[in-house]
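# Coordinate analysis (summary)
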Amino acid sequence: MIAIGSDHGGYALKQAVMKHLESRGEQYHDFGTYSEASCDYPDYGRAVAEAVASGAYQYGIIICGTGIGISITANKVRGIRAALCGDCFSAEATRLHNDANVLAMGARVVGEGLALKIVDTFLDTPFSNDERHIRRISKIEP
Ligand code: RB5
């Protein structure tokens, strides 16, 4: 199960991502925003992050204009490792090395085609489970 959310800047890309998730047969819940009316990205970044941190959702996908504000917000929630990705290499590496549980993207940075490939790469790449990566991840939380 995937938790997804965006601000107004990410609303249109989120619609495309949700359609793509449906085509993959993925289950998701949309935590808003539900229109292109101006809103505050922390409200949606936090809602998705808390949903993932609760254990009810395996992954989160969050989108704002740059992906920066919403990823900063999500990373304030204990247990969340949100990775802002604008390319497939980063999306693969952050699953393999960081066991990232939230994917952040900037709708004003990546086009729809690339964004959907990034989503596929993120969702389809398992954590490496390498001892060195487990050790490093364990040092992240304050
Ligand atoms: C909204 O205009 C914009 O600031 C927001 O989507 C995001 O880019 C913030 O980091």
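Here, every reference points to the structure presented above.
First things first, this report covers the structure right here in the doc. (Residues numbered from 1 in each chain as written. Predicted model: local features only at pLDDT ≥ 70, side-chain atom pairs only at ≥ 80, totals over all residues. Heavy atoms only, no water.)

With respect to spatial proximity, the complete set of residues near the ligand consists of D7, H8, Y41, C64, G65, T66, G69 and R108. G69 is positioned with one of its backbone polar atoms (N or O) 2.9 Å from an oxygen atom of the ligand. Interatomic distance of 3.4 Å between a side-chain N/O atom of R108 and an oxygen atom of the ligand. Per-class residue counts for the shell around the ligand are two nonpolar, four polar and two charged. (Near = heavy atom within 4 Å. Polar contact = N/O pair within 3.5 Å; in protein donor to acceptor, adjacent residues only side chain to side chain. Nonpolar A, V, L, I, M, F, W, Y, C, P; charged D, E, K, R; others polar.)

Okay, the sheet that holds strand β5 (residues 102–106) next. The strand order β2-β1-β3-β5-β4 describes an open sheet built from five strands, whose pairing is parallel. This sheet does not close on itself; its edge strands, each paired only once, are β2 (28–30) and β4 (82–84). Ignoring which end each strand starts from, the neighbouring axes of this sheet average 20 degrees apart. Sheet topology note: the strand β1 (residues 2–6)/strand β3 (residues 59–64) ladder contains five bridges and is parallel. Directly across from I4, in β3, lies its bridge partner I61. Helix-sheet contacts for helix α2 (residues 41–53) involve β1, β3 and β5, and the interaxial angle to β3 is about 175 degrees. (Pairing = 2+ DSSP bridges. Helix = DSSP H or I, 4+ residues; strand = E, 2+ residues; numbered from the N terminus. Axes fitted to C-alpha atoms, helices over the stretch in contact; angles between N-to-C directions. Contact = heavy atoms within 4.5 Å.)

Next up on the list: the packing of aromatic side chains. Summed over all chains, the structure comprises two aromatic pairs. Geometrically, the ring pair formed by F31 and Y57 is edge-to-face, given 5.5 Å between the ring centres and 75 degrees between the ring planes. Placement of F31 in the loop between β2 and α2 and of Y57 in the loop between α2 and β3 is noted, with a sequence separation of 26 residues between them. Ring centres of Y59 and F122 lie 5.4 Å apart, and the angle between their planes is 70 degrees; on these two criteria the pair is classed as edge-to-face. With a gap of 63 residues between them, Y59 in strand β3 and F122 in helix α5 (residues 112–124) connect regions that are remote in the sequence. Each member of the pair, Y59 as well as F122, carries the same accessibility label: buried. Taking NZ or CZ as reference, R95 lies 5.8 Å from the ring centre of F122, over its face. (Phe/Tyr/Trp six-rings, centres within 6.5 Å; stacked < 30°, edge-to-face > 60°. Buried < 20%, exposed > 50% of the residue type's maximum accessible area, 1.4 Å probe, protein only. Lys NZ or Arg CZ within 6 Å of the ring centre and 35° of its normal.)

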